[in-house]
Amino acid sequence: MEKNLVLIGMMGSGKSTIGRIIAKSTKLKFYDVDKIIENENNLQISEIFKKKGEDYFRDLEERTSVKILKSSKSIISLGGGAFLNDKIRNEIKINSISVWLKWSSNILIKRIINSKTRPIVNKLSEKELIKLIDNRSKIYSKADYKIICDKLNKDKIIKKILEIYKNEKNNSKN
Ligand code: S3P
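In what follows, the accompanying structure is described. (Residues numbered from 1 in each chain as written. Predicted model: local features only at pLDDT ≥ 70, side-chain atom pairs only at ≥ 80, totals over all residues. Heavy atoms only, no water.)

**With respect to the nonpolar core**
In this structure, Leu78, Leu101 and Ile161 are the most contacted members of the largest nonpolar core, which totals 53 residues. Look past the residues within four positions of Leu101 in its chain and what remains in contact with it is Ile8, Gly9, Ser13, Gly14, Lys15, Ile18, Ile147, Cys149, Ile157 and Ile161. (Core = buried A, V, L, I, M, F, W, Y, C linked by side-chain atoms within 4.5 Å. Buried < 20%, exposed > 50% of the residue type's maximum accessible area, 1.4 Å probe, protein only. Contact = heavy atoms within 4.5 Å.)

**Observations regarding the environment of Ile148**
Within the secondary structure, Ile148 is located in strand β5 (residues 145–148). Judged by its relative accessible area of 52%, Ile148 is exposed. In sequence terms Ile148 and Trp103 are 45 residues apart; their C-alpha atoms lie 6.2 Å from each other. (Helix = DSSP H or I, 4+ residues; strand = E, 2+ residues; numbered from the N terminus.)

**Re the packing of aromatic side chains**
The relative placement of two aromatic rings is captured by the distance of their centres and the angle of their planes. For the structure on display, the rule yields two aromatic pairs. An angle of 35° between the planes, with centres 4.9 Å apart, marks the rings of Phe49 and Phe57 as tilted. The residues Phe49 and Phe57 share a single accessibility class, namely buried. Plain terms: the ring middles of Trp100 and Tyr140 are 5.7 Å apart, the flat faces sit at 45° to each other, and that makes the pair tilted. Placement of the pair is Trp100 in strand β4 (residues 96–102) and Tyr140 in helix α8 (residues 126–140), with a sequence separation of 40 residues. Overall, the relative accessible area of 4% leaves Trp100 in the buried class. Residue classification places Tyr140 among the buried residues on the basis of a relative accessible area of 1%. A cation sits over an aromatic face here: Arg89 above Phe83, 5.9 Å from the ring centre. Above the face of the Trp103 ring, Arg111 is positioned so that its terminal group lies 4.0 Å from the ring centre. (Phe/Tyr/Trp six-rings, centres within 6.5 Å; stacked < 30°, edge-to-face > 60°. Lys NZ or Arg CZ within 6 Å of the ring centre and 35° of its normal.)

**Here's the deal with the site of the ligand**
In the region of the ligand, 14 residues are neighbours, and Lys15, Asp34, Arg58, Gly80 and Arg136 sit closest. In the environment of the ligand, an oxygen atom lies 2.7 Å from a nitrogen or oxygen atom belonging to the side chain of Lys15. One nitrogen or oxygen atom from the main chain of Gly80 is found 2.9 Å from an oxygen atom belonging to the ligand. Residue assignment for the shell around the ligand shows that the elements contributing at least two residues are α4 (54–69) and α7 (119–123). (Near = heavy atom within 4 Å. Polar contact = N/O pair within 3.5 Å; in protein donor to acceptor, adjacent residues only side chain to side chain.)

Rendered as structure tokens:
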């Protein structure tokens, strides 16, 4: 299959960890867009936010995500805010299948609330984060596939993504 498989969802949903494992087991290339931004700019995401501001980061995120989405046969993990960007969503439609790793907000909050590396978390209260998750979920729901992760362990989530990948691969042969 030529298409990429793109993992989307909130911070703390496991996109990077799971993406890396899926890439290993499918022997496909793995791209973690946040890591690429950090390497290309020699700065951590939190430092980019601090030094240049969120708008600057979002612009970098758009350009880097669109560039990476032009790959093929790859597993791509996007940053939590990337799917909200129309240009990125449109690029995904061209040659990628999107999978939303959906978790309840209480689980996500527990995972990210103490994060030192996520500037979005630092600037919002718990109540505001819940609102952000609700608002974003309306857009995340435009993904091609949704996996409700709350009651699944990591292996089961991986299994589900591999099933999606296999089905898409078989369908693309027809
Ligand atoms: C963000 C999520 C982060 C990173 C940045 C902004 C967001 O990525 O891109 O801190 O707006 O949700 P992860 O989802 O990989 O943590």
